[in-house]
Amino acid sequence: MVSWTESADKAEEIRHLHGALASQPVIEQAKGMMMLVRTCEAEEAFTVLRDVSQRTNVKLHDVAAIVVATGSGAGVAAELAQRVGAKGVEAVRRSVRWRLTSTAFE
């Protein structure tokens, strides 16, 4: 018999996995944009996104969404801007610009 806590743990795990699957496309898009601009491999592009996330204390999927929105000229969605804040959005943009123009990965 499955206990209530095991069932709750499984439900939480399923919610977490659904969230990860939902954020994966935007992360892949951002990686592709980084690969194009930096002329680099997927692993290096992911490393850049991860480092920006850690440096700015913004979740990886939010960093990716900001990169995609900025790169496509669509603008950052209101929900994302509210969650991250204007300073967070600008910090991500600044950090990505620095990564794109620096020789830190060359």
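Residues numbered from 1 in each chain as written. Predicted model: local features only at pLDDT ≥ 70, side-chain atom pairs only at ≥ 80, totals over all residues. Heavy atoms only, no water.

Topic: the packing of helix H2 (residues 42-56) against helix H3 (residues 60-72)
Moving on, step 1. Two elements in contact, H2 and H3, have axes whose closest approach is 9 Å; the angle formed by their N-to-C orientations is 110°. The angle between H2 and H3 falls in the class roughly perpendicular. Handedness of the H2/H3 crossing: right-handed. Across from Phe-46, Leu-49, Arg-50, Val-52, Ser-53 and Thr-56 in H2, the residues of H3 making contact are Leu-60, Val-63 and Val-67. (Axes fitted to C-alpha atoms, helices over the stretch in contact; angles between N-to-C directions. Helix = DSSP H or I, 4+ residues; strand = E, 2+ residues; numbered from the N terminus. Parallel < 35°, antiparallel > 145°, perpendicular 65-115°, else oblique. Left-handed = near helix turned anticlockwise from the far one by under 90°. Contact = heavy atoms within 4.5 Å.)

Here's the deal with the layout of surface pockets
Empty space among the atoms becomes apparent when a probe as large as a water molecule is rolled across them.
Moving on, step 1. For the largest pocket, the calculated volume is near 180 Å³.
Moving on, step 2. Met-33, Met-34, Val-37, Ile-66, Val-67, Thr-70, Gly-71, Arg-93, Val-96, Arg-97 and Leu-100 together form the lining of the largest pocket.
Moving on, step 3. Broken down by secondary-structure element, the contributors of at least two residues to the lining of the largest pocket are helix H1 (4-38), H3 and helix H5 (86-101).
Moving on, step 4. Residue composition of the lining of the largest pocket, by class: 7 nonpolar, 2 polar and 2 charged. (1 Å grid on protein atoms, 1.4 Å probe; cavity = no way out; pocket = protein on both sides within 12 Å on 5 of 7 lines; lining within 4 Å. Points joined across faces, edges and corners; volume = space filled by probe spheres on them. Nonpolar A, V, L, I, M, F, W, Y, C, P; charged D, E, K, R; others polar.)

Shape descriptors only; they carry no functional weight alone.
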